[in-house]
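Working through the structure, step by step
Below, each chain spelled out in residue letters.
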Amino acid sequence: MKKIISTVFYLSLLMLPLSLRAETDVLDTAIEVISISISVDDSLNGYAIVKRCPTCADLQLSIDRTTQVSSRGKNISLHKLNHLKTNYALVVYDPKTNHVKKIVW
């Protein structure tokens, strides 16, 4: 009886990796951009228009109060970024929703 119980126990352990199979999804995309233009309203909702290369099409991404922005290691408030235009930044965003998670330059 003890042998049967241990056999069933070990067989159930073998099935455990199959039931916990992880799916591989790309969560966020990080891109280096050569230009970025940011526009936000008073409620910190807005958008960023980014360009990856001189011949690439513009990509419009959404921004909200959860978007983190930093420059030279210091966090910057989104209030200060309204109508900002700059070159060369790193943009991390969700490719499914086009929502910007982080901007670093």
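It should be noted that the structure appears before, not after, this text.
This is a predicted model, so every value here is computed, not measured.

Calculation notes
- Residues numbered from 1 in each chain as written.
- Predicted model: local features only at pLDDT ≥ 70, side-chain atom pairs only at ≥ 80, totals over all residues.
- Heavy atoms only, no water.
- Helix = DSSP H or I, 4+ residues; strand = E, 2+ residues; numbered from the N terminus.
- Buried < 20%, exposed > 50% of the residue type's maximum accessible area, 1.4 Å probe, protein only.
- Contact = heavy atoms within 4.5 Å.
- Areas by Shrake-Rupley, 256 points an atom, 1.4 Å probe, with all protein chains shown as cover.
- Pairing = 2+ DSSP bridges.

Structural notes on the overall build of the chain
The helix and strand tally for the chain stands at one helix and nine strands. Residues counted as buried form 26% of the 105 residues belonging to the chain. A separation threshold of at least 6 residues defines the contact pool for the chain, and within that pool the share at least 24 residues apart is 52%. When the accessible area of the chain is evaluated, it comes to approximately 7,900 Å², of which 57% is carbon and sulfur surface.

Digging into the pairing of strand E3 (residues 46-51)
With six bridges connecting them, strand E2 (residues 35-40) and E3 associate as antiparallel partners. From the neighbouring strand, serine 39 faces E3, where its bridge partner is tyrosine 47. In this antiparallel pair of consecutive strands, E2 and E3, the connection spans five residues, and leucine 44 shows a positive phi of 65°. Here five bridges tie E3 to strand E4 (residues 59-63), and the two strands are oriented antiparallel to one another. The residue of E4 that forms the bridge with valine 50 is leucine 59.

By themselves, these are just geometric observations and shouldn't be taken as functional.
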